[in-house]
Amino acid sequence: KAAWSGLNGLFTVYKPSGVASLRVRDSVETLLLKELNSLKQPDMPQQVRFLPTTVEGNAGKELTLTVTQLPVLAAHPLVRGWRRILISLCDLMASCFCISVLGVGHGNKLLTDLYDAHLTRTYTVRGLFGKATDDFSDTGKLIEKTTFDHVTRDKLERILAVIQGTNHKALLMYSKIDLKTQEAYELAVEGLIRPMEKTPPLITAIRCLQFAPPEFQLEIQCLHETQKYLRKVVHEIGLELKSTAVCTQVRRIRDGFFTLDSALLRTHWNLRNIRKSIQDSRIKVQVELQRNLGHQ
Amino acid sequence: MSPALLLRAGSRRPLAPQRGLRRRELPGGALVGQRGRPELGAPRSPGGALGSSRGLPPQRGLLGALVGLRGLHVLGPQGRSGGVLGGLRGLHVLGPQGRSGGALVGLRGLHVLGPQGRSGGVLGGLRGLHVLGPQGRSGGVLGGLRGLHVLGPQGRSGGALVGLRGLHVLGPQGRSGGALVALQELLPQRGLLGPPRELPLQGLSRGFAKVARTRSSRELREAEDSAPVFQYVGKQAKRKERVFVWGFCHAGALGIPSFVKPDAGWKKSRRIQPTPYRLDTVEKISSAACGYGFTLISSKTTDITKLWGMGLNKDSQLGFQRSRKDQTKSYEYVLEPSPIPLPLDTPQQTRILQVSCGRAHSLILTDIEGVFSMGNNSYGQCGRKVIKGEIYSESHVINRLQEFEGRVVQVVCGQDHSLFRTEKGEVYSCGWGADGQTGLGHYDITSVPTKLGGDVAGVNIVQVASYGDSCLALSDEGDLFGWGNSEYMQLASITETTQVNVPRHLPFKIGRIKDVACGGTGNAIVNEEGNVFVWGYGILGKGPNLMETATPEMIPPTLFGLSDFSPDTRVSRIRCGLSQFAALNNRGELFVWGKNIRGCLGIGRMEDQYFPWRVTIPGEVVDVACGVDHMVTLVKSFI
């Protein structure tokens, strides 16, 4: 019983690459269910029934009611089947490592709230200079090969600064706030202007972590993005540098306020760890949601 | 088994190499998926079906069918249904067939279709050399083929070649004659013996479509390695200098004639250019200045043409622009950057260091020949004696100023006055003084550049700034001095009077100042740490609530691009137009704010901007010049 009550909230798992998110969700659900149902079941409830029986009475067989206690068959495990829980996940990302936020029980509603809060996510993206493919990743059909010996870290950072600046401007414009008000000025100063509805993908911050031509690694903080968009960003960075680039790896390392630290590895997918994770993130979730949705 | 069935049974791709021979006895001697040289005897009935095999000796019964094969195939003379070869390679010799004739579908290599019986030979989707021997009745049908085709003499329906390529020799036809449909001239053949490309068996493909095949990773890698590498820019490529302009177009100040006079009848003239537009210049522009409806751009070259002007020229602020229609007249509006001839002693050695523009006059600073001034002189702002009743339009007068002790290193134009700063740190001024902007202690006009006194006497001034009627000067120790108009509280921190005609020290505690800018009603400075301080009146950049202040207020650096991701972003330069501000940070980004007069902010919108807003320019901004209703930027490309 206690096990069930603890299972209401959000937790994160570390999804390996190449596995579909739905598969991950299914395996987590199966594991949880197995454990939950293997726990000691409570005793079956009993009910008091008045059943008609025949009793030797005065004038032969009579119909009277006797009191008996019978188990409630409806609660029998074989009748009821396995108890179910509902796990939902935030969004699908195939073919990349990522941390995935899953919600259990009442946490599913929190997931919707999390989506409405429009928090940013952080990705590390690895790219390769010198190639351009049709789907912007290195497994696609080759379109063009170019030289890249003129690319330096300084030039790359210049381009990244421009990308950040233009996206910041787009952020302010999409937030649909009247720029002539004092409130807009104050929000802009604190950097709290953020769109509160669905917008095209926006990058809030981007920087270069590693640069070793032809490889490079970027950290991108973005809103409402898709994997294809991140690959396209890498491709466009290549074009701006008068070369070409493809994306080799995309990894989500932060989703809102869930970071890599709180993600559960494959070996830790069991009831105890999940309950602990839900507990840990409960307060954080409450605070963040209050802060973000309170603006609306 | 009918031939059609056997065709479908075969695979289109060459079957994978089989290790070892596995002979499977199928009815009628069918070998499926084999290699080597299996010899198939001469079975009787349904004919032989060979999947990926070779050498099929003559069959009796139905047919010989070779599907998905390689190598040399010799299909002997068949019985009734004739020979069927599908998806093959190599040399195929289809001997004389019986009734239905031979059908070769999706083949490669040399095909020799011997004389057929009734239905004639059908060659569909083939490549290579095809020799279709004399056909029987329906004639030969070649569809979607490539290569050399020799269509022998046909029987009745004649030969039909559909969607073919290559050289066709159509022999003598029978009745319907030859029909050549959609042929193409001889094209270089793409490797008759190249990587296999089988076309679909069903139907006659036209030879244009290529079947997408999954290639092995090795093939992909090889294709990738052999792909050509393009080079767009070399290792030592230089960054290009560009000029971007935006704002009000009708005066011609942007220098793009098609904005005022469109080059096609259906185009409309543009009143405002709301976003940065590239201005093509002949030389690399090192200095630009915006006046009230006109622009000057100059280059540091030693060529004869080093100064160009565009825009309003009603007071000859752009010199004499000889009209083509009438040699004695000058243009009133100059629509594109036109060279301004200066009366230089050594035109091929002098370089122009800086230009500056005021309301109706302009100043040019050269390195060895001093300062030149042109334009309106009604208040002596050009540094020469005021001539009563002088007509300034179509004037040839360009004055050379030489009354300075030392070399002039900076020239600044106010609205109707001029300031000069020499190497020694002294400031000279001339022009209108009714607001005390000449700083000479009186409110009259001055027509000869005179040295300033007051608090700047003896101080080494490193920068002066002015655009309207108030002026600021910066000393080498970071002290600020101001004089001129103070109606908008620019100097209200030290005095109650609205006009100050002697330079006064402004004791602001805002750190060591690096750059100053003076606008019409507001002033701005940048200190050493890269923080921007503003004071005065108007849209100062701290939201709509701050409309006037006498003491400097700092604009938060987060509005200029400072963030956790880029913590060392600083503002490096500040410039003022009449009622707008422009700031450049060390990453080359331009931020503007203020009144958006006729789109001069360049942000794409027409509304005023109450806090710094980034202007999107495709390049790193090096310098910016602000005017009343237009702006000019000097930009370096990214790569």
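Residues numbered from 1 in each chain as written. Chains lettered and ligands numbered in written order. Predicted model: local features only at pLDDT ≥ 70, side-chain atom pairs only at ≥ 80, totals over all residues. Heavy atoms only, no water.

1. Structural notes on the overall build of chain B
The number of helices and strands found in chain B is three helices and 44 strands. By residue count, 53% of the 639 residues in chain B fall in the buried class. Approximately 27,500 Å² of chain B is accessible, and the part contributed by carbon and sulfur atoms is 53%. (Helix = DSSP H or I, 4+ residues; strand = E, 2+ residues; numbered from the N terminus. Buried < 20%, exposed > 50% of the residue type's maximum accessible area, 1.4 Å probe, protein only. Areas by Shrake-Rupley, 256 points an atom, 1.4 Å probe, with all protein chains shown as cover.)

2. Examining the overall build of chain A
In terms of helices and strands, chain A carries eight helices and 13 strands. Within chain A, buried positions represent 46% of all 296 residues. Total accessible area on chain A is roughly 15,400 Å²; 56% of this is exposed by carbon and sulfur atoms.

3. Focus: the UniProt feature "domain: Pseudouridine synthase II N-terminal" (unreviewed entry) in chain A
When the UniProt feature table is mapped onto this chain numbering, "domain: Pseudouridine synthase II N-terminal" (unreviewed entry) sits at residues 101-227 of chain A. Each end of residues 101-227 of chain A is marked by a C-alpha atom, and these two atoms are 17 Å apart; helix forms 34% of the span and strand 32%. (UniProt positions renumbered as here; feature names shortened; annotations may be inferred.)

4. Some words on the interface of chain B and chain A
The partner chain A presents 35 residues to the 36 residues of chain B that form the contact. Here chain B packs against chain A, burying approximately 3,500 Å² in sum over the two surfaces, 62% of which is carbon and sulfur. The largest per-residue losses of area from chain B upon contact with chain A belong to Phe565(B), Phe638(B) and Ile639(B), which jointly make up 22% of the total buried on that side. With its nearest N and O atoms 3.4 Å apart, the salt bridge here joins Glu620(B) to Arg158(A). At the junction of chain B with chain A, the criterion picks out twelve residue pairs in polar contact (both at pLDDT 80 or more). Of all the secondary-structure elements, those providing two or more residues to the side of chain B that touches chain A are helix H2 (217-225), strand S16 (229-230) and strand S42 (609-615) of chain B. (Contact = heavy atoms within 4.5 Å. Buried area = accessible area lost by both parts, 1.4 Å probe. Salt bridge = Lys/Arg side-chain N within 4 Å of Asp/Glu carboxyl O. Polar contact = N/O pair within 3.5 Å; in protein donor to acceptor, adjacent residues only side chain to side chain.)

5. A word on the packing of aromatic side chains
Considering all chains together, one arrives at 15 aromatic pairs over all chains under this definition. Taking 6.2 Å as the distance between ring centres and 50 degrees as the angle between the ring planes, the aromatic pair formed by Tyr185(A) and Phe611(B) counts as tilted. Separated into two different chains, Tyr185(A) in helix H6 (residues 182-190) and Phe611(B) in strand S42 make up a pair that spans both. Accessibility classification places Tyr185(A) together with Phe611(B) in one group, the buried group. An aromatic cluster of three or more residues is present, and its members are Phe129(A), Phe148(A), Phe211(A) and Phe216(A). The ring centre of Phe248(B) lies 5.1 Å from the NZ or CZ of Arg598(B), which sits over that ring. Just above the ring of Trp613(B) sits the side chain of Arg605(B); from NZ or CZ to the centre is 4.8 Å. (Phe/Tyr/Trp six-rings, centres within 6.5 Å; stacked < 30°, edge-to-face > 60°. Lys NZ or Arg CZ within 6 Å of the ring centre and 35° of its normal.)

6. Points about a nonpolar patch on the surface
All names here are of chain A. The grouping of Val 48, Phe 50, Leu 65 and Val 67 at the surface amounts to a nonpolar patch, some 440 Å² of accessible area in total. Mapped onto the nonpolar patch, the elements with two or more residues apiece are strand S2 (46-57) and strand S3 (60-71). Its location among the elements puts Val 67 in strand S3. Take Val 67: its relative accessible area is 57%, and that puts it in the exposed class. (Patch = residues over 30% accessible without salt bridge, like charges linked within 9 Å, V, L, I, M, F, W, Y side chains within 5 Å.)

7. Some thoughts on the nonpolar core
One finds Val532(B), Leu590(B) and Trp593(B) to be the most contacted residues of the largest nonpolar core, which totals 42 residues. Top element by residues in this core is H6(A). It accounts for five residues. If near-sequence neighbours (up to four positions away) are discounted, Val532(B) is found in contact with Ile525(B), Val526(B), Glu553(B), Met554(B), Ile555(B), Phe560(B), Val571(B), Ile574(B) and Trp593(B). Residues Ile203(A), Cys208(A), Ala245(A) and Ile639(B) belong to the second largest nonpolar core, which totals 29 residues. (Core = buried A, V, L, I, M, F, W, Y, C linked by side-chain atoms within 4.5 Å.)

8. Looking at the pairing of strand S44 (residues 630-636) of chain B
Residues and elements named next belong to chain B. With six of seven residues buried, S44 lies mostly within the body of the structure. The sheet contact formed by strand S17 (residues 241-248) and S44 spans seven bridges and is antiparallel. Bridge pairing in S44 links Val 245 to Val 632. Summarising the sheet, strand S43 (residues 620-626) and S44 pair through six bridges and their orientation is antiparallel. Among the inter-strand pairings, Ala 625 is bridged to a residue of S44, identified as Val 632. Taken together, S43 and the strand that follows it, S44, pair antiparallel across an intervening segment of three residues. (Pairing = 2+ DSSP bridges.)

9. Here's the deal with the state of the cysteines
Cysteine pairs can be covalently joined through their sulfur atoms, and such a bond is termed a disulfide. Residues and elements named next belong to chain B. Per the counting criterion, the structure on display carries zero disulfides over all chains. Cys 249 forms no disulfide, and the closest cysteine sulfur to it belongs to Cys 600, at a distance of 12 Å. Between Cys 382, a cysteine without a disulfide, and Cys 430, which holds the nearest cysteine sulfur, the sulfur-to-sulfur distance is 7.9 Å. (Disulfide = S-S within 2.5 Å.)

10. Observations concerning the pattern of salt bridges
Enumeration according to the criterion identifies 32 salt bridges over all chains in this entry. The shortest N-O distance in the salt bridge between Arg407(B) and Glu423(B) comes to 3.2 Å. Taken as a pair, Arg407(B) in the loop between strand S26 (399-401) and strand S27 (408-413) and Glu423(B) in the loop between strand S28 (417-422) and strand S29 (427-431) lie far apart in primary sequence, 16 residues in all. By sharing partners, the salt bridges in this structure join Arg121(A), Glu225(A), Arg252(A) and Asp255(A) into a single network.

11. Overview of H6(A)
Buried residues of H6(A): Gln182(A), Ala184(A), Tyr185(A), Leu187(A), Ala188(A) and Val189(A), and no others. Among the structural elements, S42 of chain B are those in contact with the buried residues of H6(A). Gly191(A) sits one or two positions beyond H6(A) and adopts a positive phi of about 75 degrees.

12. Concerning the sheet that holds S27(B)
Residue and element names in this part refer to chain B. Taken in spatial order, the four strands of this open sheet run S27-S28-S29-S30, and their pairing is antiparallel. Each having just a single partner strand, S27 and strand S30 (446-451) make up the two edges of the open sheet. Adjacent strand axes in the sheet meet at a mean angle of 15 degrees when their direction is disregarded. Pairing geometry for S29 and S30, over three bridges, is antiparallel. Paired with Gly 431 across the bridge in S30 is Thr 446. (Axes fitted to C-alpha atoms, helices over the stretch in contact; angles between N-to-C directions.)

13. Some thoughts on the environment of Ile445(B)
Residue and element names in this part refer to chain B. With respect to the element layout, Ile 445 can be found in the loop between S29 and S30. Its relative accessible area of 42% is what places Ile 445 among the partly exposed residues. Put simply, Ile 445 and Ser 378 are 67 residues apart on the chain and 9.4 Å apart in space, counted from C-alpha to C-alpha.

14. Overview of the sheet that holds strand S31 (residues 461-466) of chain B
All names here are of chain B. The antiparallel open sheet is built from four strands, whose spatial order is S31-S32-S33-S34. Among the strands making up the open sheet, the edge pair consists of S31 and strand S34 (499-506). Put simply, the sheet's adjacent strands are angled 15 degrees from each other on average, direction ignored. Summarising the sheet, strand S33 (residues 480-485) and S34 pair through five bridges and their orientation is antiparallel. For Leu 480, the partnering residue across the bridge sits in S34 and is Leu 506.

15. Points about the domain arrangement of chain A
Here chain A is described as being made up of domain 1 (1-41 + 84-118 + 261-295), domain 2 (46-75) and domain 3 (120-255). A separation of 76 Å is found between the C-alpha centroids of domain 2 of chain A and domain 3 of chain A. (Domains from an automatic or database assignment.)

16. Topic: helix H5 (residues 153-174) of chain A
Helix length check: H5(A), at 22 residues, gives a terminal C-alpha distance of 31 Å against a target of 32 Å (1.5 Å per residue), a fit within 8%. Within two residues after H5(A), Lys176(A) carries a phi angle of roughly 50 degrees, on the positive side. (Expected span 1.5 Å × (residues − 1).)

17. Some words on unusual backbone geometry
Residues and elements named next belong to chain A. The linkage connecting Pro 213 with the following residue, Pro 214, adopts the cis geometry, with an omega of 5 degrees. In this fold, Pro 214 is placed in the loop between strand S9 (202-212) and strand S10 (215-223). Not every positive phi belongs to a glycine, and Lys 176 is a case in point at roughly 50 degrees. Structurally, Lys 176 can be placed in the loop between H5 and H6.

18. Thoughts on the packing of H5(A) against helix H7 (residues 227-240) of chain A
Residues and elements named next belong to chain A. Their axes nearest at 10 Å, the elements H5 and H7 cross at an angle of 130 degrees. If you check the angle between H5 and H7, you find them oblique. Crossing handedness for the pair H5 and H7: right-handed. Along the contact surface, H5 presents Leu 156, Ile 159, Leu 160, Ile 163 and Asn 167, while H7 presents Tyr 229, Ile 237 and Glu 240. Class assignment of the residues belonging to the contact of H5 with H7 gives a composition of six nonpolar, one polar and one charged. (Parallel < 35°, antiparallel > 145°, perpendicular 65-115°, else oblique. Left-handed = near helix turned anticlockwise from the far one by under 90°. Nonpolar A, V, L, I, M, F, W, Y, C, P; charged D, E, K, R; others polar.)

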